[in-house]
Amino acid sequence: MWTWPMRTMRGLLCAVVAWLPSSAVADDLDAVKLSSNLDLASLSDADLALRAVTAFHMGDVELTSGRIVASDPLVGPDRPAFVRTVPPGNYPVTLYQAFGRIAAASLRFAEGKPVRWELAVIAGQDIKSLKGDEFFGYPVDAGLGCYMDADTYALIQEREQQVRTQKSSSDINYYDDVLASEIEANDDKYVMHRPVAGKRGNVAVFWSGWGDGFYPVFWGLDASGRPLVLFTDFGVTENADGRREPGGE
């Protein structure tokens with residue numbers, strides 16, 4: 001089992017309460033009710049700047065199978081991929097920063113503004129089973145989120161085995177032994193991590209807002225149901241606006 005550095009962050013309860021109105025019900029789950037920040041994925045850099053949000057384009061994720069995993073990369077790199085898939089290819093990741101934090105992250109597949117949003121689910125998750133304030137998302141316990149292809153987990157395991165051989169020890173800490181030096185070069189906020197040099201498949205790793213919590217992921221779709229963007233909201237902003245902190249006057 002991997003270990004990871006503990007960070008002093010806002011906890012799970014705060015993350016959940018940030019987006020969950022009591023009106024959200026299983027039979028009529030409206031993604032817009034779960035996140036007021038979905039417009040971040042469609043605003044231009046100039047419009048974002050007017051809202052005190054900075055967009056940072058961190059590079060492309062290589063999706064070798066088109067099966068996408070969003071998770072805490074240190075705690076859940078083996079998390080199942082989302083049911084919905086996209087064509088294999090290289091897709092750009094954008095981070096949205098506000099109040100000194102990464103407020104959200106998007107993975108863009110095609111240009112255009114979504115006409116409909118839906119909650120992203122993995123196999124076995126049924127939207128109709130949700131009750132009251134419930135929603136599906138992924139847990140963060142190491143202060144990090146990510147996007148990667150499901151096939152890339154095998155490369156992470158390969159890199160872990162390489163480190164184990166070099167250290168002659170079974171006690172492997174992937175953060176300390178592999179990731180730390182890469183992400184520290186970017187102020188601990190993000191890194192496009194390639195587990196095995198020379199092999200196709202990388203991981204977009206980024207700071208998860210205020211840290212540990214439970215975060216929803218959404219598909220932005222066009223009129224035909226084609227995915228345009230995948231969006232993770234870390235609950236740092238409200239109404240896609242970084243000029244005033246949530247709950248502030």
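Per-chain numbering applies: the sequence of each chain, read as written, is numbered from 1 onward. Given that the model is predicted, a residue must reach a pLDDT of at least 70 before its local features are reported, and side-chain atom pairs must reach 80 or more before they are shown or counted; all residues, however, enter totals for whole chains, interfaces and linings. Side-chain metrics in this entry use all non-hydrogen atoms of the structure; hydrogen atoms and water are not considered.

K.L.:
Break down the sheet that holds strand 7 (residues 144-149) for me, with residues and values.
P.N.:
In space, the four strands of this open sheet follow the order 2-7-9-8, with antiparallel pairing throughout. Both edges of this open sheet fall to strand 2 (68-71) and strand 8 (190-193), since each of them pairs with a single strand only. Sheet twist, expressed as the average angle between the axes of neighbouring strands with direction ignored, equals 10 degrees. Against the sheet, helix 4 (residues 152-167) contacts strand 7, strand 8 and strand 9 (203-207), and its axis sits at roughly 115 degrees relative to strand 7. Strand pairing follows a simple DSSP-based rule, namely that at least 2 bridges must link the two strands. The way it works is that DSSP assigns letters per residue, a run of H or I at least four long becomes a helix, a run of E at least two long becomes a strand, and they are numbered from the N terminus. Only the stretch in contact is used when a helix axis is fitted, and all axes are lines through C-alpha atoms; the angle between N-to-C directions ranges over 0 to 180 degrees. Here, two residues are considered to be in contact whenever any of their heavy atoms come within 4.5 Å of each other.

K.L.:
Explain the packing of aromatic side chains residue by residue, including any values.
P.N.:
Think of a pair of aromatic rings as described by two things: how far the centres are apart, and how the planes are tilted against each other in angle. Under the pairing criterion, centres of Phe, Tyr and Trp rings, with the six-membered ring standing for Trp, must be within 6.5 Å; the plane angle then separates stacked pairs below 30 degrees from edge-to-face pairs above 60, leaving the rest tilted. Going through the model one piece at a time under the given rule, you end up with ten aromatic pairs. A ring pair is formed by Tyr96 and Phe231, whose centres lie 6.3 Å apart and whose planes are at 50 degrees; its orientation type is tilted. With Tyr96 in strand 3 (residues 89-98) and Phe231 in strand 12 (residues 227-233), this residue pair connects regions lying 135 residues apart in the sequence. Here Tyr96 and Phe231 have matching classes, each one buried. Three or more aromatic residues joined by ring pairs make a cluster, and in this case those are Phe82, Tyr91, Phe109 and Trp219. Note on exposure labels: buried denotes an accessible area under 20% of the residue type's maximum, exposed denotes more than 50%, and partly exposed covers the range between, all computed with a 1.4 Å probe on protein chains only.

K.L.:
Go over the pairing of strand 12, please, and point to the residues and values.
P.N.:
Across the seven residues of strand 12, seven count as buried, placing the element largely inside the fold. Bridging between strand 4 (residues 101-108) and strand 12 involves five bridges; their strand directions are antiparallel. Bridging from a neighbouring strand, Leu107 pairs with Leu230 of strand 12. Pairing geometry for strand 11 (residues 217-221) and strand 12, over five bridges, is antiparallel. Opposite Gly220, over in strand 12, you have Val229 as the bridge partner. Remark: five residues form the turn of the hairpin made by strand 11 and strand 12, two consecutive strands paired antiparallel; Gly225 in that turn has positive phi of roughly 90 degrees.

K.L.:
Hey, could you go over the pairing of strand 5 (residues 116-119) for me, with residue numbers and the actual values?
P.N.:
The two faces of strand 5 differ: Trp117 and Leu119 on one face are buried, but Arg116 and Glu118 on the other face are not. Looking at chain direction, strand 5 and strand 11 are connected through four bridges and run antiparallel. Counted as the bridge partner of Glu118 is Trp219 from strand 11.

K.L.:
Residue-level account of the sheet that holds strand 3, with values.
P.N.:
The six strands are arranged 1-3-4-12-11-5 in an open sheet whose pairing can be described as antiparallel. Each of the sheet's edge strands pairs with one partner strand only, and the pair in question is strand 1 (54-63) and strand 5. Each neighbouring strand pair of the sheet contributes to a mean axis angle of 25 degrees, computed without reference to strand direction.

K.L.:
Hey, could you go over the confidence of the model for the protein for me, with residue numbers and the actual values?
P.N.:
Of all residues in the protein, 88% have pLDDT values of 70 or greater, and the mean over the chain is 87. Scored from 0 to 100, pLDDT reflects the predictor's confidence in each residue. For residues 1-28, every residue scores under 50 in pLDDT, and the model assigns this stretch 65 contacts once sequence neighbours within four places are set aside.

K.L.:
Please provide a residue-by-residue account of the packing of helix 4 against helix 5 (residues 174-184), values included.
P.N.:
To characterise two packed helices, one gives the angle between the axes of the helices and the distance between these axes. Here helix 4 crosses helix 5 at 110 degrees, and the two axes come no closer than 10 Å. By the angle between their directions, the pair helix 4 and helix 5 is classed as roughly perpendicular. The element helix 4 and its partner helix 5 pack so that their crossing is right-handed. Here Ile156, Arg159, Glu160, Val163 and Lys167 of helix 4 come into contact with helix 5, specifically with Tyr174, Asp177 and Val178. Residues were grouped as follows: Ala, Val, Leu, Ile, Met, Phe, Trp, Tyr, Cys and Pro as nonpolar; Asp, Glu, Lys and Arg as charged; and all remaining residues, including Gly, as polar. Here the contact of helix 4 with helix 5 is built from residues that sort into four nonpolar, no polar and four charged. In these notes the angle categories are as follows: under 35 degrees is roughly parallel, over 145 is roughly antiparallel, 65 to 115 is roughly perpendicular, and the rest is oblique. Each crossing gets its hand from how the near helix is turned against the far one by less than a right angle, where anticlockwise is left-handed and clockwise is right-handed.

K.L.:
Please give an account of a negative patch on the surface that cites residues and values.
P.N.:
Think of a patch as exposed residues, more than 30% relative accessible area, with no salt bridge, where like charges cluster within 9 Å and nonpolar side chains (Val, Leu, Ile, Met, Phe, Trp, Tyr) cluster within 5 Å. Each accessible area is a Shrake-Rupley result for a 1.4 Å probe, and residues are judged covered by the shown protein chains and nothing else. One side-chain nitrogen of Lys or Arg within 4 Å of one carboxyl oxygen of Asp or Glu is enough to make a salt bridge. When charges are counted, neither His nor the chain ends are considered; positive counts come from Lys and Arg and negative counts from Asp and Glu. Charged groups are reduced to one reference atom each: NZ for lysine, CZ for arginine, CG for aspartic acid, CD for glutamic acid. Among the surface-exposed residues, Asp176, Glu184, Asp187 and Asp188 lie close enough to one another that they form a single negatively charged patch. A relative accessible area of 48% means that Glu184 is categorised as partly exposed.

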